[in-house]
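Coordinate analysis (summary)
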Amino acid sequence: MVSRTLSQIRSDLATVETGANRRLLYPASGDDVGCSVGLFWPVCDSFYLVDPYFGKGIDVGDTLRSMAAGTANYMTGMRVISDGGARLAFDGVPGTRYQVWLDGQPGIKKRLCFIDSTTDNWLEKTTTRYNVILNKDYDGITGNDNYPYVTAWDRLNSNGIFAETIGDGRTSVEFDFIKYRCRGFAPLCKVTTEIGQQIGFANGLHLFQKRSHYHTSTYVQFDESIDTVIRA
């Protein structure tokens, strides 16, 4: 898979059709705004970062201040300003919504929402659709193949972008692309820093695009086709 830098991908995405809704979902986001807000700014108007306190006690205020200063990780030099925020409920789960905009462009505001969920139940219950879904592939470490593919499939628009850090639980990058293709994901590129360094753990962050219109109910057939290819 070809490697592309953050700035190259951000520029490319501005010309790519990624489906309606223009929403991004990032379960277990931690304080990673660079690979969500920074990378997908051209194609999203709303960013939903679920569980910003995942395992670390993340300070959202510090994250917002680093964005405003242009020092946030993986989005250095990109200054994003925010308002004071408002507490809301997102599908019954509390969170905070901020209006954000690029420095010098206050007329073009977007939504950055931190959702205070500590489990995956929120993702299973919400019916909201997205054109970008990110995943850190913690289940690639544990060996659970069902998440996020089955869980997130019906939430992702056709032509939507699925971004995943491929965990050590996978066999190899090349081999596992068979599974992505059988599930309708076309490999796009591997994401690197501006100097070509890997982003994320294990095999790094990769982008895929949802090409087919299948629904969750067809996953049994997907898995059977995958097994057939593997046996061959």
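How each quantity is defined
Here the residue numbers are simple positions, counted from 1 along each chain's written sequence. Side-chain atom pairs in this predicted model are given and counted only at pLDDT of 80 or more, local residue features only at pLDDT of at least 70, and totals for whole chains, interfaces and linings cover all residues. No hydrogens and no water enter the side-chain calculation; it runs on all heavy atoms of the structure. The predictor's confidence in any single residue is recorded as pLDDT, a number from 0 to 100. Segments assigned H or I by DSSP are reported as helices when at least four residues long, segments assigned E as strands when at least two residues long, and all are numbered from the N terminus. Note on terminology: a nonpolar core comprises buried Ala, Val, Leu, Ile, Met, Phe, Trp, Tyr and Cys residues joined through side-chain atoms within 4.5 Å. Buried residues are those whose accessible area, probed at 1.4 Å on protein chains only, stays under 20% of the maximum for their type, while exposed residues exceed 50% and partly exposed ones sit between those limits. In what follows, a contact means two residues having at least one pair of non-hydrogen atoms within 4.5 Å. The directions considered for the arc run from the helix axis to the C-beta atoms. Salt bridges are defined as contacts in which a side-chain nitrogen from Lys or Arg sits within 4 Å of a carboxyl oxygen from Asp or Glu.

Let us now look at the confidence of the model for the chain. Averaged over every residue, the pLDDT of the chain is 82; the share at 70 or more is 76%. Least confident of the elements in the chain is helix α5 (residues 138-142), whose mean pLDDT is 51; most confident is strand β4 (residues 80-82), at 98.

Turning to the nonpolar core, a few remarks are in order. Leu24, Phe40, Met67 and Leu112 are the most contacted members of the largest nonpolar core, which totals 36 residues. Filtering out sequence-adjacent residues up to four positions away, methionine 67 remains in contact with Val33, Val37, Ala72, Met75, Met78, Arg79, Val80 and Leu112. Counting 19 residues, the second-largest nonpolar core is a separate cluster that includes Val50, Tyr130, Ile133 and Phe185.

You can see valine 33 is positioned in the loop between β2 (23-26) and α2 (34-38). A relative accessible area of 3% means that valine 33 is categorised as buried. Spatially, the C-alpha atoms of valine 33 and phenylalanine 47 are 9.4 Å apart, while their sequence positions differ by 14 residues. Excluding its chain neighbours within four sequence positions, the residues that come into contact with valine 33 are Gly38, Leu49, Thr63, Met67, Ala72 and Met75.

This part is about helix α1 (residues 6-13). All buried positions along α1 are accounted for by Leu6, Ile9 and Leu13. On an axial view of α1, the arc spanned by its buried residues comes to 65°, and they lie on one face. Buried residues in α1 make contact with β1 (3-5), β9 (156-165), β10 (185-192) and β11 (205-210).

Applying the stated rule across the entire model yields 6 salt bridges. Note that arginine 65 and aspartate 62 form a salt bridge whose closest N and O atoms lie 2.4 Å from each other. With arginine 65 and aspartate 62 both in helix α3 (residues 60-69) and 3 residues apart, the pair spans about one turn of that helix. Given the relative accessible area of 53%, arginine 65 is considered exposed. Overlapping salt bridges bring together Arg22, Asp45 and Lys110 as one network.

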